[in-house]
Each structure stands twice: as C-alpha cells, then as structure tokens.
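Listed below, chain by chain, are the residues.
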Amino acid sequence: MSVAPVLFPRYWWGVAGDDLVAPTISVVDLIQQHVLSLDIAALVGTLVGHRSPLISVGGYQRHTGKTTLLNALLGFASADTTFVVTKGNAERFEFLDASPPERTCVLVGEFSDHMPRYLWGQRAARVVRLVEQGYTFAGTMHAHSVDDLVEQFVAAPVSLERAELARTGALLMFQDFRETPAGVQRRVTGVARLYPASRGPGGLGAKSLAVWDPRDDTWNLFSSDETWDELARWAGLSAAALRSQTEARREALVGLVESGIEGYDRVRAALVEFPA
C-alpha cells in the first residue's frame, strides 16, 4: 500500500517556522526505549485506527515527550488520513470546506494559551465539537490528572459541557520523565478514556485502561469484559473482533520490533497494513 510521507510544519513542535519537517521517532522506537509497552501500543493503535481522538498529556514540565508520543501513535491512522495542523490564534477553520470529515484528523500543537500557535478558548472548543461532525482530533496538553484536564476544558474560556467531552471518547495518554543516573527516563504513566456515563458528573465518565507501576517499571492493563464491551460498542465491533484486532496488532508489533525496522515512514507503512 502506498503511504504518503508525514510532514508537519515546524511550529507543530512549538518552535518558529512554517517549513515542513518529518517526524523521526516511531512507535517501534518508543517500545524499544520502554516508553510504553507492546500491549499499550497495540490497544491504542487499534483505537486510533478506528479514529479515536487522542490527547498526549504531560504534567506542567516541559520536554516530557508529549508531541513525540503523539506523532508515534498517529502512525496507526489509516493511510487515507489527512492531517490538518491548526494555526492557533490565526485558525479560521477554512479546512472544513475542503477536508472530508471521515478522512480528516485535526491536530492541535497544544491545548493552551501559552503560545500564539497553540489553541485555546472557543477555537479549542470548536475542535472538540468537530467530533460530532465526523472529524477526529489529536493534540497535547498540560495536566496532572484526568480531573485537572477536564476542569480546564469546562472552565472559561473553553467552556465545554462535560457531556461534550464524554461524547468524544477521547484517549488520554499521560506521560512523565525523571532524571536517572543513566539519563532521562520517559514513561507513559497512564492511559484513560472519556466516555458517556449517566451516573458521572455532567454525564462524563473516565475509565483507566493502563497504569505504570514505578516499583518494577511495568504496566498493568484493564482486563474486564465490561471495558472490552464498551470499547467495542464505540468502535462498532463485537468485543471478540476488537480483541482479535488488538492481538493481531500486538503480534505485528512484536515482528516489527524484532525486525530492526527503522524510520518513521517505514514503520507507518507497515502499521497501516492492519485492517481497520
């Protein structure tokens, strides 16, 4: 399958410039660096393949690797996906007239008002609401927890309703880093998913899908049938089909890791061979 190279404007990385730059670090690299596990990559990759919105979340430190993680996981998006990078304060949403919703992923360098190229206020709210029109989105954000992230979105000036966040089904990837004698150690510390919950505050629920245990540097993933059923309903599949797709992705990722494949575009070309 022919896959166009992925190129993002330099400001996607939070630096000045509109020239196009290719990502270099793939999900295979991050697995090899033990930033996330094969199981997390397979699960998130399956959901991204079904167009789940995705937010890569760091604490309030810089250089946690939010954009690097996001880029790597976007490698699971289907080959016909058009990535549209928003322009912060200059964003006018003109792409809506030209980009088919079912093939468009709207990218937000960061959900914040920290830089002019980042997106906040009603522009940020509009991106989230585009999910109901068939678009998906991916971006980064600073937050300590799911509650912290939600409160930022529901407070002014974004002013989203909790139910609007719930309907996105967004995946939240929490990441942190620490200095060790061997160098900087980056880890995905948790994966959560927003979903509609009648008993949740404002109709919003948040379910933990994976948690990192720093004591032995491993991850624990959910195992409940109820969670598989809920994820499968969102994806329009049976729970058995979703489990099968996730396991197939895991087996393929094992093969890619063992093969020594290098290069973001080569890995992406291999990833999009998975059936959606």
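Up top is the structure these notes are about.
Residues numbered from 1 in each chain as written. Predicted model: local features only at pLDDT ≥ 70, side-chain atom pairs only at ≥ 80, totals over all residues. Heavy atoms only, no water.

Novice: Explain the overall build of the chain to me, using residue names and the numbers behind them.
Specialist: When its secondary structure is counted, the chain shows 9 helices and 10 strands. Against the globule reference of 19 Å for 276 residues, the chain gives a C-alpha radius of gyration of 18 Å, in line with a compact fold. Expressed along its principal axes, the backbone C-alpha trace of the chain runs to roughly 45 × 45 × 45 Å. Looking at the 276 residues of the chain, the share that counts as buried comes to 52%. Taking as baseline every contact in the chain between residues at least 6 positions apart, the subset at least 24 positions apart corresponds to 65%. Positive and negative side-chain charges in the chain, numbering 26 and 32 respectively, have mean positions lying 3 Å apart. (Helix = DSSP H or I, 4+ residues; strand = E, 2+ residues; numbered from the N terminus. Rg over C-alpha atoms; globule rule 2.2 N^0.38 Å. Buried < 20%, exposed > 50% of the residue type's maximum accessible area, 1.4 Å probe, protein only. Contact = heavy atoms within 4.5 Å. Lys, Arg positive; Asp, Glu negative; His and termini not counted. Charge placed at Lys NZ, Arg CZ, Asp CG, Glu CD.)

Novice: Please set out the nonpolar core residue by residue, giving values where relevant.
Specialist: Formed by 49 residues in total, the largest nonpolar core has its most connected members in Val-27, Val-44, Leu-54, Leu-73, Met-173, Val-191 and Leu-253. Tallying contributions element by element places helix α2 (residues 38-49) first for this core, with 7 residues. When neighbours within four sequence positions are excluded, Leu-54 is seen to be in contact with Val-44, Val-48, Leu-70, Leu-73, Phe-137, Ala-138, Gly-139, Leu-171 and Met-173. Formed by 34 residues, the second largest nonpolar core is a distinct cluster that contains Val-84, Ala-124, Leu-130 and Val-158. (Core = buried A, V, L, I, M, F, W, Y, C linked by side-chain atoms within 4.5 Å.)

Novice: Outline the packing of aromatic side chains, supporting the account with residue identities and numerical values.
Specialist: Per the counting criterion, the structure on display carries 8 aromatic pairs. Ring plane angle 45° and centroid distance 5.8 Å describe the contact between Phe-93 and Phe-95, whose orientation is recorded as tilted. With respect to class, Phe-93 is no different from Phe-95; both count as buried. Each member of the aromatic cluster is reached from another via a ring pair, and the members are Phe-111, Trp-120, Phe-137 and Phe-153. (Phe/Tyr/Trp six-rings, centres within 6.5 Å; stacked < 30°, edge-to-face > 60°.)

Novice: Got a sec to walk through the environment of Leu-96? Specific residues and values, please.
Specialist: Within the element layout of this structure, Leu-96 appears in the loop between β4 (82-85) and β5 (104-108). Sequence separation between Leu-96 and Tyr-135 is 39 residues, and the spatial gap between their C-alpha atoms is 9.6 Å.

Novice: Lay out the sheet that holds β4 with the relevant residues and their values.
Specialist: Taken in spatial order, the 8 strands of this open sheet run β4-β5-β6-β3-β7-β8-β9-β10, and their pairing is mixed. Strand pairing shows two members of the sheet lacking a second neighbour, β4 and β10 (218-221), which therefore form its edges. On average, each strand axis in the sheet is tilted by 20° relative to the strand beside it, whichever way the strands run. Where strand β8 (residues 183-196) and strand β9 (residues 204-213) come together, 7 bridges link them in antiparallel fashion. Residue pairing for β9: Pro-196 is matched across the bridge by Leu-204. Against the sheet, helix α3 (residues 66-74) engages β3 (54-58), β4, β5, β6 (136-142), β7 (171-180) and β8, with an angle of about 160° to β6. Against the sheet, helix α7 (residues 225-235) engages β8 and β9, with an angle of about 75° to β8. (Pairing = 2+ DSSP bridges. Axes fitted to C-alpha atoms, helices over the stretch in contact; angles between N-to-C directions.)

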